[in-house]
Amino acid sequence: MRGAGRSNSTDPDRTVCMTNCPTLIVTVGLPARGKTYISKKLTRYLNWIGVPTKEFNVGQYRRECVKIYKSFEFFRPDNEEGLKIRKQCASAALNDVRQYLTEEGGQVAVFDATNTTRERRETINRFAEQNGFKVFFVESVCEDPDVIAENIVQVKLGSPDYTHCNTEQAVEDFMKRIKCYENSYQPLDEVLDRELSFIKIIDVGRRYLVNQVQDHIQSRIVYYLMNIHITPRSIYLCRHGESELNVRGRIGGDSGLTARGKEFARCLGQFMHKQGISDLKVWTSQMKRTIQTAEALGVPYEQWKALNEIDAGVCEELMYEEIQQRYPLEFALRDQDKYRYRYPKGESYEDLVQRLEPVIMELERQENVLVICHQAVMRCLLAYFLDKTAEELPYLKCPLHSVLKLTPVAYGCKVERISLKVEAVNTHRERPENVNVHRTAEDALQTVPAHL
Amino acid sequence: FFSSSFVLIVQYPDSSRPQFTNSPTMIVMVGLPARGKTYISKKLTRYLNWIGVPTQVFNLGQYRREAVKSYKNYEFFRPDNEEAMNIRRACALNALKDIANYFAKEQGQVAVFDATNTTRERRGVIISFAKEKGYKVFFIESICDDPEIIEANIMEVKVSSPDYENCDKEEALEDFLKRIECYKTTYVSLDDESDRHLSYIKIFNVGSRYLVNRVQDHIQSRIVYYLMNIHVTPRSIYLSRHGESELNLLGRIGGDSGLSSQGKKYASTLSEFIRDQAIKDLKVWTSHMKRTIQTAEALGVAYEQWKALNEIDAGVCEEMTYEEIQENYPEEFAMRDQDKYRYRYPKGESYEDLVHRLEPVIMELERQENVLVICHQAVMRCLLAYFLDKSADELPYLKCPLHTVLRLTPVAYGCKIEPFYLNIKAVNTHREKPVNVDVTRMPEEALRTVPEHF
């Protein structure tokens, strides 16, 4: 999670150190090969698992510098003025990288540019060596004209560079831009670059060449990159139907569905059927309420213990009023730092993210999936897809009886919220104004939603 | 298996864990002799079984030794030795038949076909066989041209093979090198172009480089990840429990108590022991629980805390004595004795759950070199079962007493284990499986094997 990483390596509460020195991930590849897509996705993933990561897109630096983009001629290898500016932009970006990794607590920086010449990559290696950064190259090689054309349509046409062009003009110009790079492109080589650490992704993941993985974080990055795909699909997230404990305002536990909850399950079944998805996978937790919800769909489903609701430890099955009464200090501490706070004998949101990581990895591998889970779990999954920070995550709105349909598009995720029009209690407790441990019970309970 | 808290729910029988794969998978090794194929086969099989995927190795060399009772010399492997070729081909077909049987009748999910499979022809036979039966195929090719590594391999595992019982080391080495030459003439590596439709990983020079092609599903992805994390650098893993805790003394399970005075003595003795071992770059890992942290503190070195190393969550039975569990939950107590591996404490965990949460720990242990893991009884049993290839039935009863360090050192195809009892007295916390596990048993029968406590 952004904001969840710790920079102090002697902090006894720190989770396992991923790497000793900061890592510089360097993309390599011709334009329209998915470098920015990979950079953004990888950055989102690393931040979610708690590794402070930032991407540095050289194209953006160039747009700052050269206010108006005229044409592909800027990128001609014989355009000395253009080359000078581009080199400056790369330096400026590397400067910011240095600042991020040495002064701002960053652990991984993703340097997103073509980096297609061995000379440019040498410059970056020297820079990294001087600063004590590890370097890992991610190269994307693709010659499939359909894939490239689709890339251009999805992300290039809408680029600030082409606001003043029509589609045909933009595509034509961009193809010429790619040509400018082709002649001087030196792909990473098994022999010449055998001392470098890199992964070469060929044809959008059909094949990978992995060389000299140095440490844990690079190993995790390789695993992640080898599991993502770009096949169009949708992920449906929802909670179980309203449960008996929900209506009584009690958290956790393992109760069954209320009548309204069962109605939701039926509507969910109808809704999913209407979506007409081939090969839909359905996942639930191992708790009664998600299983009962899935049962109503009448299709096979898989149970994941990892999808179980956050363990509230000593507060399991209590109402907020009871928590305030028995554990007023804990209640306040939780409001102070809801992401990191761990219930006594229970879990924190931070723990939840760690246990959900294999679920996210498998969601990346899969295509159409419906995940029937719980409030805190759904907040964690949603934060991953929508790139939310550790501060925002525990307060994301995930009401009962509504389905979120997530569809990857361009560099992000389209979200459609579908409310299935079955009434349910509200279980969302906003952060109260007063989070001080000396606050009154009234202040503490101000934001508790109504219940029986 | 239904835990009593799920008695009202109908479970799809196989959906209690995510399906790794729908059809059975054949993993097919490829490579010249002494390239680590059997090492990889055994290690991978051990890992897959531990994470709950029924896997078995089918080693062609063993089939050949069955067929040809005594090995004379490398001439058997000459490509122009027709009689031998026929025998070897027949062995391969027998192995494939056994694989089919493993999948169809023994609920196997993955079969590792450990042989050289160095010709396109042989691989073609395997692919046709798999296609006919509906099995997925994943190739693992090991390529190595470093003569030092090859000779080290030969010395470690070949000269002691049944084939060379009657030879001295030098003779064995010489013959084996000639054996390798027999294969070289016909060896065709997996090819980027002609084999582009196959699913495979090529491992170069013991892992400095990998080429991965067409990973089809989750299990193949996990296999690739595992293979990319293992190494062969010599090192040792030290496993120990925390020092004796206050709750240990009282015979209570779980909880989060501190060390007893004996426990503190153990911690300082452990510190001396570790110092005497003079281990290069030792990493120290603990759980998030007081007792392991206090133990590590005494070492005076940096350590990392893993929540995943926390003791098994005994749910409603946390901090109870066995006598109290028998009194309050006699049925649960009996069910646990009936199937200790899969039994889940109400609102708690099972050993099976523990293995699942320890998988990232094992993966990181594979990546690391010298590590000391200070953990807990159930956790240590799970880790030990991984290294020593113990079954789900044996795992929950492995002996992991307090105040004893186990040093594990990879050797040949397995793990050498050395126990070091540090001579600081502690209570016994090991409860054997009682004779009577029936839910109708008497309390005395249930409590017969409970170790002594205050």
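The rules we used
Residues numbered from 1 in each chain as written. Chains lettered and ligands numbered in written order. Predicted model: local features only at pLDDT ≥ 70, side-chain atom pairs only at ≥ 80, totals over all residues. Heavy atoms only, no water. Helix = DSSP H or I, 4+ residues; strand = E, 2+ residues; numbered from the N terminus. Salt bridge = Lys/Arg side-chain N within 4 Å of Asp/Glu carboxyl O. Buried < 20%, exposed > 50% of the residue type's maximum accessible area, 1.4 Å probe, protein only. Domains from an automatic or database assignment. Buried area = accessible area lost by both parts, 1.4 Å probe. Pairing = 2+ DSSP bridges. Axes fitted to C-alpha atoms, helices over the stretch in contact; angles between N-to-C directions. Parallel < 35°, antiparallel > 145°, perpendicular 65-115°, else oblique. Left-handed = near helix turned anticlockwise from the far one by under 90°. Contact = heavy atoms within 4.5 Å. Nonpolar A, V, L, I, M, F, W, Y, C, P; charged D, E, K, R; others polar. UniProt positions renumbered as here; feature names shortened; annotations may be inferred. pLDDT = per-residue confidence, 0-100.

## Focus: unusual backbone geometry
For step 1, the next point in the chain: In this structure, aspartate 387 of chain A takes a positive phi of about 55° despite not being glycine.
For step 2, the next point in the chain: With respect to the helices, strands and loops of the structure, aspartate 387 of chain A is situated in the loop between helix H14 (375–386) and strand S11 (402–409).
For step 3, the next point in the chain: With phi around 65°, glutamate 319 of chain B is a residue other than glycine that occupies positive phi space.
For step 4, the next point in the chain: Tracing the chain through its elements places glutamate 319 of chain B in the loop between strand S9 (304–305) and helix H11 (322–328).

## Remarks on the pattern of salt bridges
For step 1, the next point in the chain: Taken as a whole and judged by the stated rule, the model has 52 salt bridges over all chains.
For step 2, the next point in the chain: Here glutamate 242 of chain A ties to arginine 260 of chain A by a salt bridge, and the two come within 2.8 Å at their closest N and O atoms. With a gap of 18 residues between them, glutamate 242 of chain A in the loop between strand S7 (235–239) and helix H8 (244–247) and arginine 260 of chain A in helix H9 (residues 259–275) connect regions that are remote in the sequence.
For step 3, the next point in the chain: According to the relative accessible area criterion, glutamate 242 of chain A is buried, its value standing at 1%.
For step 4, the next point in the chain: A relative accessible area of 34% means that arginine 260 of chain A is categorised as partly exposed.
For step 5, the next point in the chain: Across the salt bridge formed by aspartate 353 of chain B and arginine 344 of chain B, the nearest N and O atoms sit 2.8 Å from each other.
For step 6, the next point in the chain: In this structure aspartate 353 of chain B comes out as buried when scored by relative accessible area, which is 11%.
For step 7, the next point in the chain: The network of salt bridges with shared partners includes Arg62, Arg63, Asp161 and Arg177 of chain A.

## So, the domain arrangement of chain A
Residue and element names in this part refer to chain A.
For step 1, the next point in the chain: Per the domain assignment, the segments making up chain A are domain 1 (23–226) and domain 2 (235–446).
For step 2, the next point in the chain: Placing the centre of domain 1 and that of domain 2 at their C-alpha centroids yields a distance of 37 Å.
For step 3, the next point in the chain: Summed over both partners, the interface of domain 1 with domain 2 comes to about 1500 Å²; 64% of that surface belongs to carbon and sulfur atoms.
For step 4, the next point in the chain: Area buried by domain 1 at its contact with domain 2 is led by Arg44, Trp48 and Val155, which between them contribute 49% of it.

## Focus on the pairing of strand S1 (residues 23–28) of chain A
Residues and elements named next belong to chain A.
For step 1, the next point in the chain: Of all six residues in S1, six are buried; the element is thus mostly enclosed.
For step 2, the next point in the chain: By the alternation rule, side chains of S1 split into Thr23, Ile25 and Thr27 and Leu24, Val26 and Val28, which are all buried.
For step 3, the next point in the chain: Examined bridge by bridge, S1 and strand S4 (residues 134–141) share six bridges and lie parallel to one another. Each bridged residue has a counterpart across the sheet, and for leucine 24 the counterpart in S4 is valine 135.

## A word on the packing of helix H3 (residues 80–102) of chain A against helix H4 (residues 118–131) of chain A
Residues and elements named next belong to chain A.
For step 1, the next point in the chain: Viewed as axis vectors pointing N to C, H3 and H4 meet at an angle of 25°, and their least axial separation amounts to 12 Å. By the angle between their axes, H3 is roughly parallel relative to H4. Crossing geometry of H3 relative to H4 is assigned as right-handed. For the pair formed by H3 and H4, the contact residues are Lys87, Ala90, Leu94, Val97 and Arg98 on the first element and Arg120, Ile124, Phe127 and Asn131 on the second.
For step 2, the next point in the chain: Here the contact of H3 with H4 is composed, by residue class, of five nonpolar, one polar and three charged.

## Looking at the UniProt feature "binding site: substrate" (unreviewed entry) in chain B
Residues and elements named next belong to chain B.
For step 1, the next point in the chain: In this structure's numbering, the residues bearing the UniProt feature "binding site: substrate" (unreviewed entry) are Arg241, His242, Gly243, Glu244, Ser245, Glu246, Leu247, Asn248 and Arg291. Spatially, the listed residues are clustered: although they cover 51 residues, their C-alpha atoms lie within 14.1 Å of one another.
For step 2, the next point in the chain: Within the secondary structure layout, glutamate 244 lies in the loop between strand S7 (237–241) and helix H8 (246–249).
For step 3, the next point in the chain: With relative accessibility at 3%, the residue glutamate 244 sits in the buried group.
For step 4, the next point in the chain: Setting aside anything within four residues of it in sequence, one finds glutamate 244 in contact with Leu249, Leu259, Ser260, Gln262, Gly263, Leu402, His403, Lys425, Ala426 and Val427.

## Looking at the confidence of the model for chain A
For step 1, the next point in the chain: Summary statistics for chain A give a mean pLDDT of 93 and a share of 96% for residues scoring 70 or more.
For step 2, the next point in the chain: Low confidence marks residues 3–18 of chain A, where pLDDT is under 50. Its contacts with residues over four positions away, or in another chain, come to 34 contacts.

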